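Tertiary structure, described
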Amino acid sequence: MEHITVLDDRRIILGVTGSIAAYKAVDLASKLTQAGARVDVIMTGAAQRFVTPLTFQAVTGRPVYTSMWGTDTGGGLPTHIAHVGLGEGADLLVVAPVTANSLAKLAHGLADDLLSVTALAARCPVVVAPAMDGGMYEHPATQANLAALRERGVAVIEPARGRFASGLVGRGRLPETPVLLGHIRRALGRGGPLENMKVVITAGGTREPIDPVRYITNRSSGKQGYALAQAALDAGACVTLISATQQLPVPVGAVLVPVESAEAMLDAVLTYSRDADALIMAAAVADFRPAEIAQHKIKKADQDDEAPTLALRRTPDILMAIKTQRAATGHPRAVIGFAAESHDLLENAQAKLRRKGLDLIVANDITAPDAGFNVDTNRVVLIDAGGAQHPLDLTSKARVGEAVIARVAALLGTDEEAR
Ligand code: CTP
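Per chain, the residues get numbers from 1 upward, laid out in the order the sequence is written. Since the coordinates come from a predicted model, pLDDT governs what is reported: local features require at least 70, and pairs of side-chain atoms require 80 or more to be given and counted, while whole-chain, interface and lining totals use all residues. To get the side-chain values, take all heavy atoms of the structure and skip hydrogens and water.

1. Describing the overall build of the protein
What counts as a helix is a DSSP run of H or I of at least four residues, what counts as a strand is a run of E of at least two, and both are numbered from the N terminus. A tally of helices and strands in the protein yields twelve helices and 21 strands. A principal-axis box enclosing the C-alpha atoms of the protein has dimensions of 80 × 55 × 40 Å. Remark: exposure states derive from per-residue accessible area (1.4 Å probe, protein chains only) relative to the maximum for the residue type, with buried under 20%, exposed over 50%, and partly exposed in between. For the protein, the residues scored as buried account for 49% of the 419 residues in total. Taking as baseline every contact in the protein between residues at least 6 positions apart, the subset at least 24 positions apart corresponds to 66%. Shrake-Rupley sampling with a 1.4 Å probe provides the accessible areas, and residues are treated as covered by the protein chains on show and by no other component. As displayed, the protein offers around 19600 Å² of accessible surface, 53% of which is attributable to carbon and sulfur atoms. When checking whether two residues touch, look at their non-hydrogen atoms; a contact exists if any pair is within 4.5 Å.

2. Details of the sheet that holds strand β13 (residues 278-281)
Between any two strands, pairing holds if DSSP finds at least two bridges. Spatially, β12-β11-β8-β13-β16-β17-β19-β20 is the arrangement adopted by the eight strands of the open sheet, whose pairing is mixed. Looking at the sheet topology across the chains shown, the edges are occupied by β12 (255-258) and β20 (389-391). Between one strand axis and the next, the sheet turns through 15° on average, direction left out of account. Strand direction decides the pairing type here: β13 and strand β16 (residues 334-341), joined by four bridges, are parallel. Residue L279 lies in a different strand from β16, and its bridge partner there is V335. Axes here mean lines fitted to C-alpha atoms, for a helix over just the part in contact, with angles spanning 0 to 180 degrees between N-to-C directions.

3. Some points on the environment of R38
Mapping R38 onto the fold places it in strand β2 (residues 38-43). Note on R38: relative accessible area 28%, which makes it partly exposed. Once the C-alpha coordinates of R38 and N196 are considered, the two residues, 158 residues apart in sequence, prove to be 28 Å apart. The contacts of R38, once residues within four sequence positions are left out, are R10, R11, I12 and R62. Think of a polar contact as two N or O atoms within 3.5 Å of one another; within protein, one of them needs to be a possible hydrogen donor and the other a possible acceptor, and neighboring residues in sequence only count if both atoms come from side chains. Here D40 takes part through its side chain, which lies 3.2 Å from a polar atom of the side chain of R38.

4. Considering a nonpolar patch on the surface
Think of a patch as exposed residues, more than 30% relative accessible area, with no salt bridge, where like charges cluster within 9 Å and nonpolar side chains (Val, Leu, Ile, Met, Phe, Trp, Tyr) cluster within 5 Å. In the sections that follow, a salt bridge refers to a side-chain nitrogen of Lys or Arg positioned within 4 Å of a carboxyl oxygen of Asp or Glu. Nonpolar side chains collect at one region of the surface, where I20, Y23 and F50 lie side by side and expose about 330 Å² of accessible area between them. Turning to its location among the elements, I20 is positioned in the loop between β1 (11-16) and α1 (22-34).

5. Observations concerning the domain arrangement of the protein
The domain limits used here are those given by an automatic or database domain assignment. With domains assigned, the protein is organised as domain 1 (11-189) and domain 2 (198-418). Computed from C-alpha coordinates alone, the two centres of domain 1 and domain 2 are separated by 39 Å. Counting residues at the interface gives six residues for domain 1 and eight residues for domain 2. Each of two parts loses accessible area, computed with a 1.4 Å probe, when they are put together; buried area is these two losses added. Of all residues in domain 1, R185, R186 and G189 give up the largest surface area on contact with domain 2, accounting jointly for 80% of the area buried on that side. Here domain 1 and domain 2 share one salt bridge between them. With a closest N to O distance of 2.6 Å, D234 and R185 form a salt bridge. In this structure, the connection of domain 1 to domain 2 is made through three residue pairs in polar contact (both at pLDDT 80 or more). When the residues that make up the side of domain 1 that touches domain 2 are grouped by side-chain class, the tally is one nonpolar, three polar and two charged. Each residue gets one label: Ala, Val, Leu, Ile, Met, Phe, Trp, Tyr, Cys and Pro are nonpolar, Asp, Glu, Lys and Arg are charged, and the others, such as Gly, are polar.

6. Side note on the nonpolar core
Burial of nonpolar side chains together is a common tendency in soluble globular proteins. Only buried residues count toward a nonpolar core, which is a set of Ala, Val, Leu, Ile, Met, Phe, Trp, Tyr and Cys residues joined through side-chain atoms within 4.5 Å. L7, I12, L14, V16, L32, F56 and I184 are the most contacted members of the largest nonpolar core, which totals 35 residues. Sorting the residues of this core by element identifies β1, α1, β2, β3 (92-98), β4 (126-130) and α7 (177-189) as the ones contributing at least two each. Element by element, the count of residues in this core is highest for α1, at six residues. Setting aside chain neighbours within four positions, we find L14 in contact with A25, L28, A29, V39, D40, V41, I42, V94 and A96.

7. Describing the site of the ligand
Throughout, the term near means that a residue has one or more heavy atoms lying within 4 Å of the molecule or strand in question. Taken together, 15 residues lie near the ligand, and M281, A283, F338, K352 and K356 sit nearest. Within the backbone of L319, an N or O atom sits 2.9 Å from an oxygen atom of the ligand. Within the side chain of K352, an N or O atom sits 2.6 Å from an oxygen atom of the ligand. Secondary structure elements with two or more residues in the shell around the ligand: α10 (318-329) and β16. Considering every element that reaches the shell around the ligand, the biggest residue donor is β16, with four residues. Tallied by class, residues from the shell around the ligand come to nine nonpolar, two polar and four charged.

Here's what the structure looks like:
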């Protein structure tokens, strides 16, 4: 697993309490560690009835803390000062799963085990992921405790609906690791260079309907657009993701606006860009659509043994419409386009940058097998409005996303240098 920049080298305390979902926390600890975080696990006594400390030690490569009183530290901090030492240095405290009992302790400031004592000593942001059976989550006592925690700025990850170990069905299941990771990224991204910035991102290849069952589309997978959305969220932005693909998991925190055709994408982009700080058009918008959309399925039998001829019309150019809107309103303040080219990459990209009035264009040679459509890597050149070219080596779409988002922060004057 590739390191995740927003998690890299971050110090995370993972509190694990006594729920059957404690086994899922092992996967979370493992993924956080693989992503580059330094994970110190604190287990309550009840948690150790479900999973052993050794399991967490094996996946984190670090000592696991289980008691306030123990003297054998296994190489970790002496336990009588662990609560202060761990709490002081941490970037984030995550309690997943948190039981109704531990939640109540956190809400009321009780401090009778290492986790609850550490939670009081820590000054870092806190994320909790409740997991409990049956009606316990809905109970007014639990809800009041959650409200008190939210009031103090604790991020609460909503449990998922589903079947419990008891056989009951309801809300109370610990969400799967990718969802937990998404919330953790969001918490760590707060205060990032795009804090309070509204960023609109388009993704995927539009579908232009021929009849109720057929459409024209292109090879875009949407992966680069989704990676950009995640990078913007990691930088603290409010992200609206206007997506023509519904095949990819939506990054936690992004507001998804599903669209199908170029026309629908145009409407959505104009609407959501009205007060946006930045627009990134990563979508592969179809340039042509069928002139007529048949209301009923086109049947072979109606074609006299011939194939129908498809007449095409031009679709609207979204970036050209945005250029007009921006001239009138000043929004979006920064506009970034993509150029997917099969020849004369830099000349074509530069011409598009000028024609569409962009601040930055991401030029993409789609003929390379390891770049462009449907793969996880990309090889791009960033070209700015002044014509300066910044080629990036072959890298993951996640890293390309981060590089583009760093440029967006610079364009908006919110990067480190400007702050
Ligand atoms: N784009 C757009 N509206 C369209 C087509 C493209 O806003 N109808 C945007 C894309 O999202 C991308 C940029 O324009 O950010 C360049 O897209 P591309 O398909 O490379 O260029 P086109 O303008 O379609 O030009 P050509 O077909 O001549 O390459």
